[in-house]
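# Coordinate analysis (summary)
Listed here are the chains, written in short residue letters.
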Amino acid sequence: MTATLIWLLVVLVAVGLYLGWTAGRLDRLHVRIDAARAALDAQLLRRASVAQELATSGVLDPAASIVLYEAAHAARQAEEEQREVAESELSQALRAVFGEPPQVEEVRAAPGGEAAPHELTEAVRRVPMARRFHNDAVGAARRLREHRKVRWFRLAGHAPFPMAFEMDDEPPAALADRVAQQP
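Bear in mind the structure is a predicted one, so any value in this text is a computation, not a measurement.

### Remarks on the side chain of His134
Within the secondary structure layout, His134 lies in helix H5 (residues 116–145). Residue classification places His134 among the buried positions, given a relative accessible area of 2%. Other than its neighbours up to four places away in sequence, His134 contacts Ile33, Ala36, Arg37, Leu40, Met163, Ala164 and Phe165.

### Considerations on the environment of Gly157
For Gly157, the position within the fold is in the loop between helix H6 (148–152) and helix H7 (173–181). Among the residues examined, Gly157 registers a relative accessible area of 51% and is labelled exposed.

### Remarks on unusual backbone geometry
The phi dihedral of Arg154 falls on the positive side, at around 50 degrees, and the residue is not glycine. Position of Arg154 among the secondary structure elements: in the loop between H6 and H7.

### Focus on the pattern of salt bridges
Applying the stated criterion to the full structure yields 10 salt bridges. Taking the shortest distance from any N to any O, the salt bridge between Glu80 and Arg37 comes out at 2.3 Å. One end of the pair, Glu80, is in the loop between helix H2 (62–77) and helix H3 (83–97); the other, Arg37, is in helix H1 (residues 2–56), and 43 residues separate them in sequence. Among the charged side chains, a salt-bridge network with shared partners connects Arg37, Asp41, Arg47, Glu80, Arg83 and Glu87.

### Section: the nonpolar core
Within soluble globular proteins, side chains that are nonpolar generally end up buried alongside one another. Leu54, Leu60, Leu68, Leu90, Leu94, Phe98 and Leu120 are the most contacted members of the largest nonpolar core, which has 27 residues in total. For this core, the elements supplying multiple residues, two or more each, are H1, H2, H3, helix H4 (101–109), H5 and H7. Look past the residues within four positions of Leu94 in its chain and what remains in contact with it is Arg47, Ala51, Leu68, Gly99, Leu120, Val124 and Pro172. If you look at the next biggest cluster of nonpolar residues, it comprises 12 residues, including Ile33, Val138, Ala141 and Val150.

### Overview of the side chain of His30
Summarising the element assignment, His30 is placed in helix H1. What His30 contacts, discounting residues up to four positions off in sequence, is Arg145, Ala159, Pro160 and Pro162.

Cut-off values and rules
- Residues numbered from 1 in each chain as written.
- Predicted model: local features only at pLDDT ≥ 70, side-chain atom pairs only at ≥ 80, totals over all residues.
- Heavy atoms only, no water.
- Helix = DSSP H or I, 4+ residues; strand = E, 2+ residues; numbered from the N terminus.
- Buried < 20%, exposed > 50% of the residue type's maximum accessible area, 1.4 Å probe, protein only.
- Contact = heavy atoms within 4.5 Å.
- Salt bridge = Lys/Arg side-chain N within 4 Å of Asp/Glu carboxyl O.
- Core = buried A, V, L, I, M, F, W, Y, C linked by side-chain atoms within 4.5 Å.

Now the structure itself:
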């Protein structure tokens, strides 16, 4: 009788430790998602700011400036529910304005336009990486939350179900070529 109780207690302690470890792991994944989302937001804001600055600098033709400014402004002002669409529209505007290498060279040749293509290339290059890190963290948390033990014992607590950030982040061809040429 005493041996059975001891074994039962050992099993209960082991199960409790395992569930506690799983809950801690899930919590760390949620923290990682929050950090990755903050980094993604920073990169998206940087890309929109650089695009908006370039649109108002006077180095682009007026039509391209208007298209780029409106898309960048919409991306910066978008509510959370519309953010993915607004960021995708900014990507499309960037591809429209910087679709060909001569367009980038025109910006570079304009007075005060030497650094703009480099800064925009860096901003455009970092967005897909930040989005990939965020979505990888979301995928890991989702996989763990799908386990029965997490659902049965409600180890996720009241944390919202993590959502991936899906957007068109394809860089403009001319800027993608510049990224490939950089060391």
